[in-house]
Amino acid sequence: MRLRFDDEAEAFRGELREWLDANQPTTEEMAEPKLSSAHYPEWARAWQRRQFDDGWLVPGWPPELGGRNATPVQQMVYFEELARRQLVRSANPQGLSIITPSIVDHGTPEQRERYALPTLRAELSWCLGMSEPGAGSDLASLATRAVRDGDRFVVNGQKVWTSGAHHSDYCFCFVRTDPDVPKHKGISCLVIDMRTPGITCRPLPELTEPDWADFNEVFFTDVMVPAENLVGELNQGWRLANGSLAHERGMLWITNVANIERTVEHLVALGKDTGAAADDRFRDAVAQGAIDAMAMRLLGYKGFGKFAKGEFSVEHTLLKLFSSETERRLYLVGTEALEGDGIDTDRVGPPVWREGSWVTQYLRAFSGTIAGGTSEIQRNIIAERVLGLPR
Ligand SMILES: Cc1cc2nc3c(=O)[nH]c(=O)nc-3n(C[C@H](O)[C@H](O)[C@H](O)COP(=O)(O)OP(=O)(O)OC[C@H]3O[C@@H](n4cnc5c(N)ncnc54)[C@H](O)[C@@H]3O)c2cc1C
């Protein structure tokens, strides 16, 4: 069997390629450092703006939202093409892929105008205020409190692991607005201007890159937020929180699978260079990686059909688990193939995500098994919702 896209999708790909050839940022431009997941170097701002203006930023949306009403299949072609070129659409992925779709779906026309459009045009950057010291996997336990006081909310509490908070203009923040009802029924979502008095960001340096801090602890002390910054209905934030991450899930797998395919190619080369290819265990591990990559691509196509119809796609839950665990495993295969040199962080590794040695990619890959729901939580979802096992 040979799977291929139809002529219409291929014509779309041709048009996109032509546009990318003329407009994608150069390697020299992309060398300008990015300080966090909410920091826009100048080239990234200009690149996102070009995509928006020419309808290539969110192809499935109408032109006024930076798109061209692309069909679901065309959207998949689009993400495949970006993954092949290792291009990211935005320097602030949470703003573009999680928060903007939530505002477009649940916000008022004024909120769309004030927040969604400038975010699409790369004029605003965002952080996502979900996790707290006592609420990660069990997000519904969040305790940051927002109390209505006339025409504003007063917010007190703490978030943690807030990516890019120290470079963000706004926080899309989940807060407790009713402590007297079952926990997931008393949550609301507020847009909080990060310049409001009472907010303190404390960046958390990372083990893999001491000079790079993306995570933050964010403290809120009597922070005044206008009541009009409520997104969606009061106490209906749980629905929004669940929907937010689903927006990302639908397409993220394409990049993950492309990274795994690329890593397998690099492992083959590494095996030849180091002599590791003579080892049966190494060859088995690489062959398993290639098989897994193919299985994931097919699973992704299967799930895409459901996702495109707005249905729950169990395949994407499987893929989040499968791809993040596979990536981590393959980077370890590469690290071990280098034997003693494997822990040398200056040694060039597979060019996936950001630059880094095999061991750096391995250490970074743990984040994929945690962010957006840990592997254990994905297994719980699969057990309960797919296999029908008891809770
Ligand atoms: C790269 C990265 C970026 C992130 N960015 C953000 C961000 O921008 N904003 C934000 O709000 N958060 C962010 N997070 C936080 C992330 O959402 C949480 O780390 C994640 O939800 C897990 O929560 P936790 O760290 O509190 O771990 P916990 O929930 O405390 O879990 C600890 C361990 O217990 C396991 N566990 C917990 N409950 C169960 C269960 N019911 N069954 C089985 N095992 C269980 C977990 O799998 C895990 O191994 C980010 C995380 C990463 C890694």
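Cut-offs used in this document
Residues numbered from 1 in each chain as written. Predicted model: local features only at pLDDT ≥ 70, side-chain atom pairs only at ≥ 80, totals over all residues. Helix = DSSP H or I, 4+ residues; strand = E, 2+ residues; numbered from the N terminus. Rg over C-alpha atoms; globule rule 2.2 N^0.38 Å. Buried ≥ 20, exposed ≤ 12 C-beta atoms within 10 Å, placed from the backbone. Contact = placed C-beta atoms within 7 Å. Near = placed C-beta within 6 Å. Domains from an automatic or database assignment. Nonpolar A, V, L, I, M, F, W, Y, C, P; charged D, E, K, R; others polar. Pairing = 2+ DSSP bridges. Core = buried A, V, L, I, M, F, W, Y, C linked by C-beta atoms within 7 Å. Expected span 1.5 Å × (residues − 1). Arc of directions from axis to C-beta. Axes fitted to C-alpha atoms, helices over the stretch in contact; angles between N-to-C directions. Parallel < 35°, antiparallel > 145°, perpendicular 65-115°, else oblique. Left-handed = near helix turned anticlockwise from the far one by under 90°.

### With respect to the overall build of the protein
Along its length, the protein carries 11 helices and eight strands. At 22 Å, the protein has a C-alpha radius of gyration in line with the 21 Å of a compact globule built from 391 residues. With respect to the principal axes defined by its C-alpha atoms, the protein has extents near 70 × 50 × 45 Å. Counting every position in the protein, which comprises 391 residues, the buried fraction comes to 41%. Nonlocal contacts in the protein, meaning residues at least 24 apart in sequence, comprise 66% of its contacts between residues at least 6 apart.

### Quick notes on the site of the ligand
Residues in close proximity to the ligand total 18 residues, the closest being Met130, Gly136, Ser137, Thr374 and Glu376. Both domain 2 (126-234) and domain 3 (239-386) contribute no fewer than three residues apiece to the shell around the ligand.

### With respect to the domain arrangement of the protein
According to the domain assignment, the protein consists of domain 1 (7-120), domain 2 (126-234) and domain 3 (239-386). Using C-alpha coordinates to define each centre, domain 2 is positioned 30 Å away from domain 3. Facing 10 residues of domain 2, the contacting portion of domain 3 comprises seven residues. Residues of the side of domain 2 that touches domain 3, tallied by class, amount to seven nonpolar, three polar and no charged.

### With respect to the pairing of strand β4 (residues 170-176)
Most of β4 is tucked away: seven of the seven residues are buried. Here β4 shows two buried faces, one formed by Tyr170, Phe172, Phe174 and Arg176 and the other by Cys171, Cys173 and Val175. The sheet contact formed by strand β1 (residues 126-129) and β4 spans four bridges and is parallel. By the bridge assignment for β4, Cys127 is matched with Cys171. Of the pairings in the sheet, the one linking β4 to strand β5 (residues 187-193) comprises seven bridges and is antiparallel in character. For Arg176, the partnering residue across the bridge sits in β5 and is Ile187.

### Observations concerning the nonpolar core
Ranked by internal contacts, the top residues of the largest apolar core, which has 41 residues, are Trp126, Val155, Tyr170, Cys171, Phe172, Leu190 and Ile192. For this core, the element with the highest residue contribution is β4, accounting for six residues. Both of domain 1 (7-120) and domain 2 (126-234) provide at least three residues apiece to this core. Among residues more than four places away in sequence, those in contact with Trp126 are Ala38, Asn92, Gln94, Gly95, Ile99, Thr119, Ser168, Asp169, Tyr170 and Phe172. By size, the runner-up hydrophobic cluster in this structure holds 38 residues, among which are Trp253, Ala258, Phe307 and Val359.

### Quick look at helix α6 (residues 109-120)
For the α-helix, the turn length of 3.6 residues means that residues three or four positions removed from each other point alike. Given a rise of 1.5 Å per residue, 12 residues ought to cover 16 Å, and the 15 Å separating the end C-alpha atoms of α6 matches this to within 8%. Turning to α6, its buried residues number three or more, namely Tyr115, Ala116, Thr119 and Leu120. On an axial view of α6, the arc spanned by its buried residues comes to 125°, and they lie on one face. In this structure, α6 carries Glu110 and Glu113 as exposed residues pointing more than 90 degrees from its buried face. A positive phi of about 65° marks Ala122, the residue just after α6.

### Some points on helix α10 (residues 358-365)
The buried count for α10 comes to seven of eight residues, which makes it a mostly enclosed element. Listed in full, the buried residues belonging to α10 are Trp358, Val359, Thr360, Gln361, Tyr362, Arg364 and Ala365. If you follow the buried residues of α10, they end up packed against α9 (314-337).

### Points about the environment of Thr26
Within the secondary structure, Thr26 is located in the loop between α1 (7-23) and α2 (27-30). For Thr26, a count of 8 C-beta atoms within 10 Å translates into the label exposed. Each C-alpha atom, one on Thr26 and one on Trp43, is 9.2 Å from the other, the two residues being 17 residues apart in sequence.

### Considerations on the packing of helix α5 (residues 93-106) against α6
Contact geometry for α5 and α6: axes closest at 10 Å, N-to-C directions at 160°. Considering the angle they form, α5 stands roughly antiparallel to α6. When the axes of α5 and α6 are compared, the crossing they make is left-handed. For the pair formed by α5 and α6, the contact residues are Gly95, Leu96, Thr100, Ile103 and Val104 on the first element and Gln111, Arg112, Tyr115, Ala116, Thr119 and Leu120 on the second.

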